[in-house]
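These are the residues of each chain, in order.
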Amino acid sequence: MDELYHPAIIETEAQRYWDEAQVFKAVPDSTRPKYYCLSMFPYPSGRLHMGHVRNYTIGDVISRYQRMQGKNVLQPMGWDAFGLPAENAALQNNVPPAQWTYANIDYMRAQLKRLGFGYDWDKELATCHPKYYRWEQWLFTRLFAKGLVYKKTAPVNWCPNDMTVLANEQVVEGRCWRCDTVVERKEIPQWFMKITAYADELLSELDKLDGWPEQVKTMQRNWIGRSEGVEVRFDIAGQGESLTVFTTRPDTLMGVTYVALAAEHPLALAAARTNPELAKFIDECRHIETAEAAMETMEKRGMDIGIKALHPISGESVPVWVANFVLMAYGTGAVMAVPAHDERDHEFALKYGLPIMPVVYPTDNSNLDVNETAYIEKGILKNSGEFSGLTSEQAFSAIASFLEAHGKGHRRVNYRLRDWGVSRQRYWGAPIPIINCPGCGAVPVPDEQLPVVLPEDVRIQGVGSPLKKMPEFYRTTCPRCGGAAERETDTFDTFMESSWYYARYTCKDNDSAMLDARADYWLPVDQYIGGIEHAILHLLYARFYQKLMRDAGLVKADEPFAHLLTQGMVLKDGSKMSKSKGNTVDPQALIDKYGADTARLFIMFAAPPEQSLEWSDAGVEGAYRFLKRLWSFAYSHEDILRLQNKLLRENQAMQIDWVNVVPEQCAVRKEIHSILKQANYDFARFQFNTVVSSGMKLLNLLLDIQGAACIAPGKTHEPLINVKSHLVHEGFGILLRLLSPIAPHITHYLWKEMNYGDTIINVAWPTVDSAALISDTIDLVIQVNGKLRGRISVSSSANEVTVKESALADENVKRFTSGKDVKKVIVVPGKLVNIVVVDKVMP
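Residues numbered from 1 in each chain as written. Predicted model: local features only at pLDDT ≥ 70, side-chain atom pairs only at ≥ 80, totals over all residues. Heavy atoms only, no water.

Engineer: How should I be thinking about the overall build of the chain in this particular structure?
Structural biologist: Summing up its helical and strand segments, the chain has 27 helices and 34 strands in all. Along the three orthogonal principal directions, the C-alpha set of the chain runs to about 115 × 85 × 50 Å. When the 843 residues of the chain are sorted by exposure, 54% land in the buried category. Sequence-distant contacts, at least 24 apart, represent 71% of the contacts inside the chain between residues at least 6 apart. Of the side-chain charges in the chain, 92 are positive and 102 negative, and the distance between the mean point of each set is 2 Å. (Helix = DSSP H or I, 4+ residues; strand = E, 2+ residues; numbered from the N terminus. Buried < 20%, exposed > 50% of the residue type's maximum accessible area, 1.4 Å probe, protein only. Contact = heavy atoms within 4.5 Å. Lys, Arg positive; Asp, Glu negative; His and termini not counted. Charge placed at Lys NZ, Arg CZ, Asp CG, Glu CD.)

Engineer: Would you take a moment to explain the environment of Ala374 for this structure?
Structural biologist: With respect to the helices and strands, the residue Ala374 is situated in the loop between β16 (360-361) and β17 (380-381). Classification of Ala374 by relative accessible area gives buried; the value is 11%. Distance from Ala374 to Trp615, taken between C-alpha atoms, is 47 Å for residues 241 residues apart in sequence. Once residues within four sequence positions are removed from consideration, Ala374 is found in contact with Pro339, Ala340, His341, Asp342, Glu343 and His346.

Engineer: Just to check I follow, could you spell out the sheet that holds strand β27 (residues 564-567) for this structure?
Structural biologist: Whenever strands of a sheet pair, they do so through backbone hydrogen bonds, lying parallel or antiparallel. Spatial ordering of the open sheet is given by β2-β1-β26-β27, a layout of four strands whose pairing is parallel. At either margin of the open sheet sits one strand with a lone partner, and together these are β2 (72-74) and β27. Between one strand axis and the next, the sheet turns by 20° as a mean value, whatever way the strands run. With three bridges joining them, strand β1 (residues 34-39) and β2 adopt parallel strand pairing. Bridge pairing links Tyr36 to Leu74 in β2. The sheet strands contacting helix α2 (residues 50-68) are β1, β2, β26 (527-531) and β27, and the helix crosses β1 at an angle near 175°. (Pairing = 2+ DSSP bridges. Axes fitted to C-alpha atoms, helices over the stretch in contact; angles between N-to-C directions.)

Engineer: Just checking my understanding: could you explain the sheet that holds strand β30 (residues 613-614) for this structure?
Structural biologist: The sheet built from three strands is open, its strands ordered β29-β28-β30 with mixed pairing. The sheet is open, and its two borders are formed by β29 (575-576) and β30, each paired with just one other strand. Alignment of strand β28 (residues 570-572) against β29, held across two bridges, turns out to be antiparallel. Bridging across to β29, Leu571 finds its partner in Lys576.

Engineer: Is there a simple way to think about the packing of helix α19 (residues 596-606) against helix α23 (residues 688-704) in this case?
Structural biologist: Two quantities define a packed helix pair, namely the angle between the axes and the distance from one axis to the other. Running from N to C, α19 and α23 point in directions that differ by 115°, and their axes come no closer than 6 Å. With respect to their mutual orientation, α19 and α23 come out roughly perpendicular. Seen from α19, the contacting residues are Leu601, Met604 and Phe605; seen from α23, they are Phe688, Asn689, Val692, Ser693 and Met696. Taken together, the residues of the contact of α19 with α23 break down into six nonpolar, two polar and no charged. (Parallel < 35°, antiparallel > 145°, perpendicular 65-115°, else oblique. Nonpolar A, V, L, I, M, F, W, Y, C, P; charged D, E, K, R; others polar.)

Now the structure itself:
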């Protein structure tokens, strides 16, 4: 072998072998336990960033380790290829989004291969390909028939300049992130999927996900937001109409001093027809962001619409206001306002001089002043008529029963979760498979006409979706009546594609069905890896999609991901890497300079996967130096390793009788297997940083093995070199296997070059020799009057008298016992010896 380490050469050779031998091709195999390891697929932005490298290295390390455990491993890769960024890039570069996307995919695929990730590339998919999105269109038509998808008018963030809907994160200080136009809140028809029909199951099955971080499960519970409450009816004075509100605090009902409506509420719109000032205010509300976070912090504004609502218990009238913090899409579009016991209602009441009436008081009779701030805790009711004196918990039931008995309300379970709006008024997405007929209404596209193919040779020009300007796309005939009709020009939210890709990987080559029996073999995903930023929407939608596919008879598993690992960010100079901060590191440049194994080793060594990783150029250099030391060790011990492996294959290798080997050499072997035992423990916990530390420790141990005094004198006449060779051979073989999931190229090369075998990728994980961990000697701590004064090694079979004599004979211990009376010697078996001394008494 070459004396110098050349990563580019050995990495190219290893990757060529893996490709030609198709070692990562995954097919169902009933003779082995399966293991499906999946990292969240990337958006093809053009170049990998260090976050990608970390995510995919973690997944690859886990996959390779599980393979060595004897598992049948599936690790696929694909591309989350639709979305607005491609449109923006295409607009800037004057190329079709498809051309830009496919070029990026080709470049990033090459980068992933250069890092040596063990993907089954036969299963590669891109969500922008018709063969992929055909099947989500197919499923959508089935859900339409079952009533699980529907169309309704709903508020959105609308950019009047770009003529498109904006996600909440694309609205910056009330303006479009791209063109800086003031954003409007607009009501437009949109398609929704009934995720709320699965709210109970999505919530309850979180308790079964033992392999998920508690933090993520808590975030999902909060997002689903199950709450038990009461739906209350307020009649409108003199109009014969009513409105309903939902509250989780019926104990505060007697403290209602006004009712607040959304700007789009029918009662508000009716009042605005004769009130120009109110109409103007309602129009202003359309320019308010719909994000909850924005609505929490914005200035609370409203107007009295001039009608009164009748309190459902007292019968007293309260004013009805329209308020900018109430959204029609959430709940009933109306809230009962209790300023004394709700901070938002309190802020609004102070601004407009509305009454604040406390009805819930602290149970400890402490003073209550609701003029300064709302009291939001539960307590004892006062000023509440027949309900006064009840606790909040008692009042919940009593008031709910009263309302039900008088036809003024009923108990109800409500969810914060809202149905999933899947329409996007954009071009670069999967077309929604609906035909709008003037006579038949919304008609699903028949199976034989699927997929509805998105035209790809389209350049983005001007504003709005190009599909709306392409009659050759949207003009069609109704499948039912044969009359002229139009295709839906909205496209799917890109979360649609990322919600089921994990299942399609298992049978990507099936052109006649969405999924087949292979999905049931591989699912659920055994280990899913991705950023914490996807903890809510992506993971929730994927769980929902799995249940939709299950109920459609496509899969059997209830949940898509058995275990979840959320890796930390990659930081530089204390902040997240980003182009805007100018603190990025180009993975390609790193690989070109040091090789893929150095990048992988540093990523794994710098921090545990779930923690943030602080970038360090010195750390990269250190990883590279370690690999060079590994190479140098192999080079300098090449003859020993090759010969030992040759003898092993010929059954001529010396079988060491470790009983006759001197303790120093037995201790070396014990340390080798102790390191392996710790590495096994760390691998199982994904503590890859300490696994790398174990590898470094093991290499240092092997470098320190000396050839002298290998055999106990007088016990054998066999050559001394045999014991050293055995230790070096065994230890280095363990080291290469331990490092192979993390640094697969160099270990692949050295395993073959040192004559261990053809390829390490097919070798089993090393096992700990429990006999090596058993020692003939034990180390004991020596204390004098409770203070550490020395250490001794004694035979594990030594009796207490022998142990005491050895402790008292230790040279360092003698310094602290000399000239003193030894009153007592206490032996704690296997741990320590405590010698109690006192000063000698003069005669």
